[in-house]
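So the chains spell out like this:
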Amino acid sequence: MTPSLARDFFETGFSVIQAATTDGGPGLLTAYFAPEYESRHIADDVFDAPVLPRPEGWTRGWVGPERAEIEALAPLGQALAWMRTEDLFFLQIQGSGYLTFEDGSRARAAYAGDNGRPFVGIARPMAEQGLLPPNGTSGEAIRTWLAEHRGPQARAVTALNPRYIYFSLAPDDGGHPAGAAGIPLPERRAIAVDPASWTYGDLVWISADGGNLPGARNSYRGLVMALDTGAAIRGPVRADFYMGRGPLAGEEAGTVRHPLRMWRLIPR
């Protein structure tokens, strides 16, 4: 299909309705990716953070212990894998990722549930406590600090976020993780949205200009599909853009914080 035919298809086959914030201003576009991390089958001094399955009897909407209590009372014999503290923390923020073990085997870590607690960012409290400078709270800075303070200090800081994510492991098929809609996320064509405002499978045109983080691209514009959600994605003009998997995708995802406009495409 040529670009002109594609344009005619959408212009004649769909109506377009702009999503609006309560004040009429722009919303926010951020981005996420599927990280790839080293892991171990057996814990050691460096890989000492357990990847845990969801508790027996877990149900959607369950509210369980906060992160600190889960980590203190974790049934270590049930650990699916062992990771560095900083890597597990960021894997839980992303919600899924890929693990490479010491024997070369690989697995996909998929979101299996959570403890029902709200997500709390740790950048601001780390700056308030003087652990990082106010203008130096990037994801990489947080990761570096956690790596340099593994053990009780790092766990005390990660515990500032009470939310905890449980995982399941499956073989790595070389593809991309499934979103909340239950299908693999197409790289740079999927967004996470608030399911209170959007329906999985919605076609969405996004336009995001004026990112101001170091290394940010000028804009993101294009047709994407609502296929995922996340704890921090709330509101009708809020989206998280799936960049893909691996370190390059992660590097770009960390620069996305752009004012956002969104339009819903509705079949005529």
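Everything numeric here is computed off the predicted structure, so don't read it as measured data. (Residues numbered from 1 in each chain as written. Predicted model: local features only at pLDDT ≥ 70, side-chain atom pairs only at ≥ 80, totals over all residues. Heavy atoms only, no water.)

Just checking my understanding: could you explain the overall build of the protein chain for this structure?
Helix and strand content of the protein chain: 7 helices and 13 strands. A compact globule built from 268 residues should have a C-alpha radius of gyration of about 18 Å, and the protein chain, at 19 Å, falls within 12% of that. Over its C-alpha atoms, taken along the principal directions, the protein chain stretches across nearly 60 × 40 × 35 Å. Across the 268 residues that make up the protein chain, the buried fraction comes to 43%. Put simply, the protein chain shows about 13,700 Å² of open surface, and 54% of that area lies on carbon and sulfur atoms. Positive and negative charge centroids in the protein chain, built from 25 and 30 side chains respectively, lie 6 Å apart. (Helix = DSSP H or I, 4+ residues; strand = E, 2+ residues; numbered from the N terminus. Rg over C-alpha atoms; globule rule 2.2 N^0.38 Å. Buried < 20%, exposed > 50% of the residue type's maximum accessible area, 1.4 Å probe, protein only. Areas by Shrake-Rupley, 256 points an atom, 1.4 Å probe, with all protein chains shown as cover. Lys, Arg positive; Asp, Glu negative; His and termini not counted. Charge placed at Lys NZ, Arg CZ, Asp CG, Glu CD.)

In this structure, what is going on with the packing of aromatic side chains? I would like to understand it.
To describe a pair of aromatic rings, you give the distance between the ring centres and the angle between the ring planes. According to the stated counting rule, one finds 7 aromatic pairs in the structure shown. Measuring from centroid to centroid gives 5.8 Å for Phe9 and Phe14, while their planes differ by 70°, and the two rings are edge-to-face. Residue Phe9 is classed as partly exposed on the basis of its relative accessible area of 44%. An aromatic cluster of three or more residues is present, and its members are Phe9, Phe10 and Phe14. If you follow Arg40 out to its NZ or CZ, it ends over the ring of Phe47, 4.1 Å from the centre. Its end group placed over the ring of Phe90, Arg143 keeps NZ or CZ at 4.6 Å from the ring centre. (Phe/Tyr/Trp six-rings, centres within 6.5 Å; stacked < 30°, edge-to-face > 60°. Lys NZ or Arg CZ within 6 Å of the ring centre and 35° of its normal.)

Would you explain unusual backbone geometry in this entry?
Only a minority of non-glycine residues have a phi that is not negative, and only a minority of peptide bonds are not trans. A positive phi is found at Arg188, a non-glycine position, where the angle reads about 60°. For Arg188, the position within the fold is in the loop between strand E8 (165–171) and strand E9 (190–192). Judged by its relative accessible area of 28%, Arg188 falls in the partly exposed class.

Just to check I follow, could you spell out the pattern of salt bridges for this structure?
When the charged atoms of two side chains lie near each other, side chains of opposite charge can form a pair. One pass over the full model with this rule turns up 17 salt bridges. A salt bridge links Arg84 to Asp87, with the nearest nitrogen and oxygen atoms 3.4 Å apart. Between Asp172 and Arg245 there is a salt bridge, with its nearest N and O atoms 3.2 Å apart. With Asp172 in the loop between E8 and E9 and Arg245 in strand E12 (residues 238–245), the pair connects residues that are 73 residues apart, well separated along the chain. One salt-bridge network, in which partners are shared between bridges, spans Glu38, Arg40, Arg84, Asp87 and Arg143. (Salt bridge = Lys/Arg side-chain N within 4 Å of Asp/Glu carboxyl O.)

Is there a simple way to explain the side chain of Asp87 in this structure?
Topologically, Asp87 is positioned in helix H3 (residues 85–94). Taking relative accessible area as the criterion, Asp87 reaches 7% and is therefore assigned buried. Discounting chain neighbours no more than four positions away, the residues touching Asp87 are Tyr37 and Arg143. (Contact = heavy atoms within 4.5 Å.)

I would appreciate a short explanation of the nonpolar core in the present structure.
Soluble globular proteins tend to bury their nonpolar side chains together. The biggest cluster of nonpolar side chains holds 28 residues, and the ones touching the most others in it are Leu88, Leu91, Leu99 and Leu146. Here this core takes 4 residues from H3, the largest share from any one element. For Leu146, the residues in contact, after removing those within four places along its chain, are Glu86, Phe89, Phe90, Ala154, Val157 and Thr158. Trp198, Met243, Ala249 and Ala253 belong to the second largest nonpolar core, which has 22 residues in total. (Core = buried A, V, L, I, M, F, W, Y, C linked by side-chain atoms within 4.5 Å.)

Sorry if this is basic, but what is going on with the pairing of strand E2 (residues 27–34) here?
Two faces make up the sheet, and in a regular strand the side chains alternate between them. Along E2, 7 of the 8 residues are buried, which leaves the element largely enclosed by surrounding structure. Looking at chain direction, E2 and strand E13 (residues 258–267) are connected through 3 bridges and run antiparallel. When the bridges of E13 are listed, Gly27 appears paired with Leu260. Alignment of E2 against E12, held across 6 bridges, turns out to be parallel. Directly across from Leu28, in E12, lies its bridge partner Arg238. (Pairing = 2+ DSSP bridges.)

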